[in-house]
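Inside the fold
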Amino acid sequence: MKKFNIRKVLDGLTAVSSSSAASQPGNKENDLIPETLQSEHFQLCKTVRHGFPYQPSSMTFDPVQKILAIGTQSGALRLFGRPGVECYCQHDSGAAVIQLQFLINEGALVSALADDSIHLWNLRQKRPAILHSLKFNRERITFCHLPFQSKWLYVGTERGNIHIVNVESFTLSGYVIMWNKAIELSSKAHPGPVVHISDNPMDEGKLIIGFESGIVVLWDLKSKKADYRYTYDEAIHSLAWHHEGKQFICSHSDGTLTIWNVKSPGKPVQTITPHGKQPKDGKKPEPCKPILKVEYKTTRAGDPYMILSGGLSYDTVGRRPCLTVMHGKSTAVLEMDHPIVDFLTLCETPYPNDFQEPYAVVVLLEKDLVVIDLAQNGYPIFENPYPLAIHESPVTCCEYFADCPVDIIPALYSVGARQKRQGYSKKEWPISGGNWGLGTQSYPEIIITGHADGSVKFWDASAIMLQVLYKLKTAKVFEKSRNKEDKPSTDIVDEDPFAIQILSWCAESRMLCVAGVSAHVIVYRFSKQEVTTEVVQLLEVRLQYELNDAESPDVGGEQLPAGGTSSPQTSVSHSHPSTSSSSSDGIRDNVPCLKVRSTPLKQSPGYQVELVVQLVWVSGEPPQQITSLAVNSSYGLVVFGNSNGLAVVDYLQKTVLLNLGTVELYGSNDPYQRQPRSPRKSRQPSGGLGDISEGSTTSEDRCKSPTSAKMSRKLSLPTELKPDLDGRDSSFSRSRSSSVTSIDKEAREAITSLHFAETFARKGEAVATPSLWVGTSLGTVLAVALSLPPPGEQRLLQPVIVSPSGTLIRLKGSILRMAFLDSTGAIIPPSHEPWYEPNAFDDRDEREKARKRRPVSVSPSASQELSETHYAVVCSEKQAKVLALPSQASVKHSITETSFVLRSDVVQMGSGVCVACFCANGHIMALSLPSLRPLLDVNYLPLTDMRIARTFCFSNNGQAMYLISPTEIQRITYSQDTCENLQEMLGELFTPVETPEAPNRGFFKGLFGGGAQSLDREELFGESVAGKASRSLAQHIPGPGGIEGMKGAASGVVGDLARARIALDERGQKLGELEERTAAMMASAESFSKHAHDMMLKCKDKKWYQF
């Protein structure tokens, strides 16, 4: 029995109200399809965040759990374990994270923020949550220190005071170290903020405090007074202990390091200026830049390591930021690509009083994370296994494909594996904590990113991971201008002329087509074999917007650059040098923006250039940027459009089939009144990717002589539309209505969406045929019929015929997306041919077979009954419309009145299909198909920047993604199923690991003192002795994160039972640990008594003087 659901009733009502304007026949046809998707199948939640943490500010490492944590300037936390285990959390306040401290091997983390709050995170759950927060009211936090295996956190402040927080209860102790008590009369002035706190590794009762002004105090916690004070006349940036606790080292603002003996505060034992030039006459070396941080790490077998950042001399202008490793007599200066934010030395032991045995240094840069291997000569870096290089060049566009063919990831991986750099450390990646989740999603997912430098990256995004598979550099096809002066004046953008704007990819045939910012389109085929292309095949196309017939002599809008003609039927035209016609008054004409390389191009396995298409300047006017693009492997066509018009290119025959202004597409059906426009009025708009490739502007000084592609050999175009083209163009009637007045030139109609489909292009047509559907910025959809020659030899010799169908659909707002459904409501994917190896030279027959193979067409065959119905789904910025084909009866639904849709995709969700939309007001919506019932509408995120608008994409199975920052991809799901399984799929950050044993104190040290002194901190800082802290100093805020998954709402019996069970489990675990510890203690006691007995026997007969 069906359950009654009020939500469905509401859905039904809204569907009725929204489709009330729809025509009746459409509704009838739609009622025949049972729709399986209901609103309860949808739920929106964030899944994972990939990429480099944007604007990092701090980091820390747990040496036992082997987990790295990074905090950012926007209050984000990113935790990294073994490759594939990473996690993102966010502080609600959004304040910068100034310091992080792990409770080592406890599964917890303390964060200190710039808004003077400290927080305790529980990492023992898959989605970490805050357990406690403490907000300081009267003091500004500058430095925190949590000793290993201690529950008392020292918090240093800007006023120079130190407060002590109990991390279990997150309450303040009454014990405070006041700055004036710490320095007493040693200085007349205030010592400045606390920049360092740490306890003596050998004596927890002694605390060293570094003040910014250069004063260091060794404080005795028990007697509450200073033992020693060390003064130096340069500001201190950081401080580090030698593990024996007898010496410490300070780094200063003049580029010096001072080493002090604890017991001789008079002057430093040694002063080093690592990068200072030593003058001959024994004077002080000249000052250098501040040493921002120093670490002092000891080894059993050799010299200690001193590792520091900063400290370079001032005369090294333009020198890159450096990390310096001083080991014995050698000093290595390691240059970094970006400024250093922080670094940490990874050591074998978590105990500060043992030999440290450093093995790696993690360096956090502004835009990268580098890990250096200290154990190998030359300090090589480890190969970074995390997907942190998304922003290697700024991302300018991206596409997401969930549920790809299964063979595509291995194919891309095998060609990408050859691109790996050499010279990395041979060791395993040292950050190896946590465990993977259980990937329940089995389908392959691919994300493709296009970048400002013209590169395209393919990423394996299956099962909420991300891993780069393959990188393609499209700029290789063009000549590089060697220097700034040599830059061709034909550029339409100043920076990043190769930036990728649009990607069109067919996963089945592996055809890839990219459109770049310089009005260029490149078609690529996938091959597993290396090949050298002698001549890069090139087509040049004139796309122009003309309404003055007097100014527009060339009918089809296309002309041949002087220098040769050829017939469109031949498969390869003869090549000739192109001449850039630049008339005497310097007007640039027939010149492309970039110069295709004239030398042979070696193409490695992977994507290889099949054809380059470039739009050329038209009488002094630069080509307009491409706004839409589609490729179809089954038809062998690539089609693209801009604000001037549309071009259809046959990439098999390397010819232009159609080149029309947008107005001419309408023929006599043009519904708009248009105003003639002088061709030289408006300039090309700026780069278009400006917000991401920071500040690409249009170059206005185009007076230099055009250095066009004089050497590049290229394929010529037909001189004008040949008779056969003219014949089929007859209904693109040239007659223009006489009242061409009302539309001003701003309302130039751009081609915004293109879709190939095997469907009914004409009204009442009986058979589904190949067609191209064109959507424009004024809300019109036009269908163009395609007539293809038979496959095989014929396809390369006979022309493809393109003719208008007369079908015209109107919507409100620019057209964003088109798709087609069959009579059962399933998506009809554009037809494609299966992938074959294009470079199989050795086997001619193979190649012929591949050529003759019938393309995989998913359309119904002609023999099927005529009652077969298709549905065209069209989505614009304002509306969605479904048309039944061939009858063309329709249902319309208004998506948004007040805002506009930025991205829309028709996606597969389980057994059903829906339209997913992302609006500029931050709403994410889903509509059912074909009836357009609302299924989901969530106010997800306000549109804060254009980056999100440009990179947002939906994919199948409820997956979606966008760039949340210039360096990070945020993935979300709108599927209820995925939301429910997410918990299982996420990795575990915390894994039970035994804490290593403490270092041995040794017999004599125990006998005569020395060795590590422990301290009962509870006795000193507890309430009974120290009293309570002032209430107004800080307020305690309990956090939301308790036991995993137990939300407050889920009280009730089940919740209580689950909590009780977890508590019992934890208790059992603790009891188990206790039992193990007891057994270990008994064993060690037994061995001790045995040793003591042996010793006694040995010494029994010796006299005291024989010892």
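Values in this document were obtained by computation on a predicted structure and should not be read as measured data.

What to know about the overall build of the chain
Of the regular secondary structure elements, the chain holds 14 helices and 63 strands. With 1107 residues in all, the chain has 55% of them scored as buried. Summing over all exposed atoms, the chain offers an accessible surface of approximately 48600 Å²; the carbon and sulfur share of this is 54%.

Describing the sheet that holds strand 30 (residues 445-451)
Spatial strand order, 29-30-31-32: four strands in an open sheet with antiparallel pairing. Since the sheet does not close on itself, it has two edges, and those belong to strand 29 (395-402) and strand 32 (467-473), each with one partner. Strand-to-strand, the axes of this sheet are offset by a mean angle of 15 degrees, without reference to chain direction. Looking at chain direction, strand 30 and strand 31 (residues 455-460) are connected through five bridges and run antiparallel. By the bridge assignment, I448 is partnered in strand 31 with F458. Most of the contacts of helix 4 (residues 408-416) go to strand 32, to which it runs at about 65 degrees, and overall it touches strand 30, strand 31 and strand 32.

As for the environment of T533
When you line up the elements, T533 lands in strand 36 (residues 531-533). Note: C-alpha distance between T533 and Q603 (70 residues apart in sequence) is 7.2 Å. Beyond its immediate chain neighbours, meaning those up to four positions away, T533 contacts P600, L601 and Q603. Polar side-chain contacts of T533 include one of 2.7 Å to the side chain of Q603.

What to know about the sheet that holds strand 22 (residues 291-297)
Strands sit in the order 22-23-24-25 across an open sheet of four strands; the sheet is antiparallel. Unpaired on one side and paired on the other, strand 22 and strand 25 (330-335) mark the two borders of the sheet. Averaged over all neighbouring strand pairs, the angle between strand axes comes to 15 degrees, with direction disregarded. For strand 23 (residues 305-310) and strand 24 (residues 322-327), the ladder comprises five bridges, and the chain directions are antiparallel.

Looking at helix 4
Among the residues of helix 4, those classed as buried are I408, I409, A411, L412, V415 and G416. One side of helix 4 holds all its buried residues, which, seen down the axis, span an arc of 165 degrees. The inward-facing, buried residues of helix 4 contact strand 30, strand 31, strand 32, strand 33 (500-506), strand 35 (520-527) and strand 42 (606-615).

Quick notes on the pattern of salt bridges
Summed over the entire model, instances satisfying the criterion amount to 32 salt bridges. Here E621 and R748 are joined by a salt bridge, their closest N and O atoms 3.8 Å apart. Of this pair, E621 sits in the loop between strand 42 and strand 43 (626-632) while R748 sits in the loop between helix 6 (723-728) and strand 48 (751-759), and the two are 127 residues apart along the sequence. The structure contains a network of salt bridges with shared partners spanning R49, R78, E86 and E968.

Examining the packing of aromatic side chains
Evaluation of the coordinates by the stated rule reveals 28 aromatic pairs. Seen from their ring centres, F526 and W835 are 5.8 Å apart, and the 65 degrees between their planes marks the pair as edge-to-face. Separated by 309 residues along the polypeptide, F526 in strand 35 and W835 in the loop between strand 52 (815-821) and helix 8 (844-852) bring together distant segments of the chain. Here W835 falls in the partly exposed class, since its relative accessible area comes to 21%.

Notes on the nonpolar core
With 35 residues, the main nonpolar core has F458 and Y607 as its most contacted residues. Among the elements of the structure, helix 4, strand 30, strand 31, strand 32, strand 33, strand 34 (511-516), strand 35 and strand 42 are those that each provide at least two residues to this core. At five residues, the largest contribution of residues to this core is made by helix 4. Among the nonpolar cores identified, the runner-up in size contains 24 residues, and A519, L543, V638 and V649 belong to it.

Some remarks on the pairing of strand 25
Where strand 24 meets strand 25, six bridges bridge the pair, whose relative direction is antiparallel. The partner of T324 across the bridge, within strand 25, is V333. Between strand 24 and the antiparallel strand that follows it, strand 25, lie two residues; G328 among them carries a positive phi value of about 65 degrees.

What to know about helix 10 (residues 976-985)
For helix 10, the set of buried residues is Q976, T978, C979, L982 and M985. For helix 10, the secondary structure elements touched by its buried residues are strand 1 (42-51), strand 61 (959-965) and strand 62 (968-975). Measuring from the backbone nitrogen of D977 back to the side-chain oxygen at the start of helix 10 gives 3.2 Å, which picks out S975 as the cap.

Concerning the confidence of the model for the chain
Fine structural detail should not be taken from predicted coordinates in areas where pLDDT scores are low. On average, the chain scores 80 in pLDDT, and the residues at 70 or more come to 76%. In the model, residues 678-746 has pLDDT below 50 throughout and makes 183 contacts with residues more than four positions away in sequence or in other chains.

Examining unusual backbone geometry
Here the bond from L885 into P886 is cis, since omega is 0 degrees, no more than 30 degrees from zero. Residue placement: P886 occurs in the loop between strand 54 (879-885) and strand 55 (889-894). Along the chain, L929 connects to P930 via a cis peptide bond; the corresponding omega equals 0 degrees. For P930, the location among the structural elements is in the loop between strand 58 (923-928) and strand 59 (934-939). A positive phi angle, close to 50 degrees, is found at D496, a residue other than glycine. Positionally, D496 belongs in the loop between strand 32 and strand 33.

A few points about the environment of R510
With respect to the secondary-structure elements, R510 resides in the loop between strand 33 and strand 34. With 14 residues separating them along the chain, R510 and Y524 place their C-alpha atoms 8.7 Å apart. Not counting residues up to four positions away in its chain, the partners in contact with R510 are D407, I408, A411, W505, Y524, F526, K528, Y607 and W835.

A word on the environment of R1031
Mapped onto the secondary structure, R1031 falls in the loop between helix 13 (1023-1026) and strand 63 (1034-1038). Under the relative-accessibility criterion, R1031 is labelled exposed at 79%. Taking the C-alpha atoms as reference points, R1031 and L172, separated by 859 residues in sequence, lie 9.1 Å from one another.

Notes on the pairing of strand 19 (residues 247-252)
Working note: regular strand, side chains alternate between the two faces of the sheet. Most of strand 19 sits inside the fold, with five of its six residues counted as buried. Where strand 18 (residues 236-241) folds back onto strand 19 in an antiparallel hairpin, the turn is made up of five residues, including G245, whose phi is positive at roughly 75 degrees. Where strand 19 hands over to strand 20 (residues 257-261), the hairpin turn is made up of four residues, of which G255 adopts a positive phi near 80 degrees.

Parameters and conventions
Residues numbered from 1 in each chain as written. Predicted model: local features only at pLDDT ≥ 70, side-chain atom pairs only at ≥ 80, totals over all residues. Heavy atoms only, no water. Helix = DSSP H or I, 4+ residues; strand = E, 2+ residues; numbered from the N terminus. Buried < 20%, exposed > 50% of the residue type's maximum accessible area, 1.4 Å probe, protein only. Areas by Shrake-Rupley, 256 points an atom, 1.4 Å probe, with all protein chains shown as cover. Pairing = 2+ DSSP bridges. Axes fitted to C-alpha atoms, helices over the stretch in contact; angles between N-to-C directions. Contact = heavy atoms within 4.5 Å. Polar contact = N/O pair within 3.5 Å; in protein donor to acceptor, adjacent residues only side chain to side chain. Arc of directions from axis to C-beta. Salt bridge = Lys/Arg side-chain N within 4 Å of Asp/Glu carboxyl O. Phe/Tyr/Trp six-rings, centres within 6.5 Å; stacked < 30°, edge-to-face > 60°. Core = buried A, V, L, I, M, F, W, Y, C linked by side-chain atoms within 4.5 Å. pLDDT = per-residue confidence, 0-100.

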